[in-house]
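Residue-level structure breakdown
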Amino acid sequence: MLTRRRALFTGAAVVGAAGAAGLLMTGSGTDAARPATPAAGAQAAGRPLKPSAYRLRPLTGHGSHQALLGRTQVRSAPLLRVSGRGSTMVLTFDDGPDPRYTPDILDTLAAYDVRAMFFVCGEMVSPHKDLLARMADEGHVVGNHTWSHPLLTRLTRGRIRFEMERTSDIIEEGYGERPHWFRAPYGAWNRATFQLGAELGMEPLAWTVDTLDWTSPGTRTIVDRVENGAAPGVVVLSHDAGGDRSQSVRALRAYLPELLDSGYRVTVPRRQYV
């Protein structure tokens, strides 16, 4: 069953996702992002390594992510992938934190000593700042996903700023610093979101692989989508709130060790300055 938020965006979600998929990968040169194939993931993986061999090593040196003259660059499209050495991937979780599911996700990440990104909603942070404190303690990156998860393309510029800025404020209270990353709800971006995000010091990050876990497709389906889409630079979209996310929790437990054993390095990006 669709949640209230997802139902709001029925129809428009397809447009937003399709638009994001067709955007140029910022800093990539000329090619538009294309969905990874199962073969691509298999070929990209190097010699299998044990999970215990993985440590947190933030991605550095990728030219698609930089600040200009001390200010965040105003982009015309969100980043869809990351770049770095080796077979790196980024796992992202939206809409939380939710005390029913976020702790289980954090437990699984801790068990394999990897870090992820959490794009949180301010209204969810407000009663659960302790979970943001845990994310900070365990080295995860927290991004801004607005206060109430609205469709930003239907809001005034002033309201968009309010949604973003209020969320950055509460993230700073719970996490210890203001967010450097922003993700538009439903993947619905416009000029105002890019401009205001930059003014607030945030880079826009979309995704490469959408697990569509919010549709409750089944744990195995979520696992297959991640493993079939695995490739260097891939950003995976999942959710830790907004509905019943038990399938997402179980799927992470299944695919994370598989990614690591296949040679992927699951880590988080880090801002670069010039």
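Before reading on, note that the structure itself is shown above.
Residues numbered from 1 in each chain as written. Predicted model: local features only at pLDDT ≥ 70, side-chain atom pairs only at ≥ 80, totals over all residues. Heavy atoms only, no water.

Below, the discussion takes up unusual backbone geometry. Glycine aside, the phi torsion of most residues is negative, and most peptide linkages are trans. In this structure, P97 follows G96 across a cis peptide bond, with omega equal to 5 degrees. Here P97 lies in the loop between β3 (88-94) and α4 (102-111). The phi dihedral of D113 falls on the positive side, at around 55 degrees, and the residue is not glycine. For D113, the position within the fold is in the loop between α4 and β4 (117-120). With phi around 65 degrees, Y186 is a residue other than glycine that occupies positive phi space. Note on placement: Y186 falls in the loop between β6 (181-182) and α8 (191-199). (Helix = DSSP H or I, 4+ residues; strand = E, 2+ residues; numbered from the N terminus.)

It is worth spelling out helix α9 (residues 219-229) at this point. At 3.6 residues per turn, the α-helix brings residues three or four places apart onto the same side. Along α9, the positions that sit buried rather than exposed are I222, V223, V226 and G229. The buried residues of α9 occupy one face: seen down the axis, they fall within an arc of 150 degrees. On its buried face, α9 sits against β8 (209-210), β9 (235-239) and α10 (246-261). (Buried < 20%, exposed > 50% of the residue type's maximum accessible area, 1.4 Å probe, protein only. Arc of directions from axis to C-beta. Contact = heavy atoms within 4.5 Å.)

Residue position: D98 is located in the loop between β3 and α4. According to the relative accessible area criterion, D98 is buried, its value standing at 3%. With residues up to four places along the chain from it excluded, the contact list for D98 reads P103, M124, L131, D240 and A241.

With that out of the way, let us pick up the packing of aromatic side chains. Considering all chains together, one arrives at three aromatic pairs under this definition. With 5.4 Å between their ring centres and 25 degrees between their planes, F93 and F118 make a pair best called stacked. Of this pair, F93 sits in strand β3 while F118 sits in strand β4; the two residues are 25 residues apart in sequence, bridging distant segments of the chain. Across this residue pair, the class does not change: F93 and F118 are buried. Connected via pairs of aromatic rings, a cluster forms that spans F182, W189 and F194. Lying over the aromatic face of W147, R166 brings its terminal NZ or CZ to 3.7 Å of the ring centre. (Phe/Tyr/Trp six-rings, centres within 6.5 Å; stacked < 30°, edge-to-face > 60°. Lys NZ or Arg CZ within 6 Å of the ring centre and 35° of its normal.)

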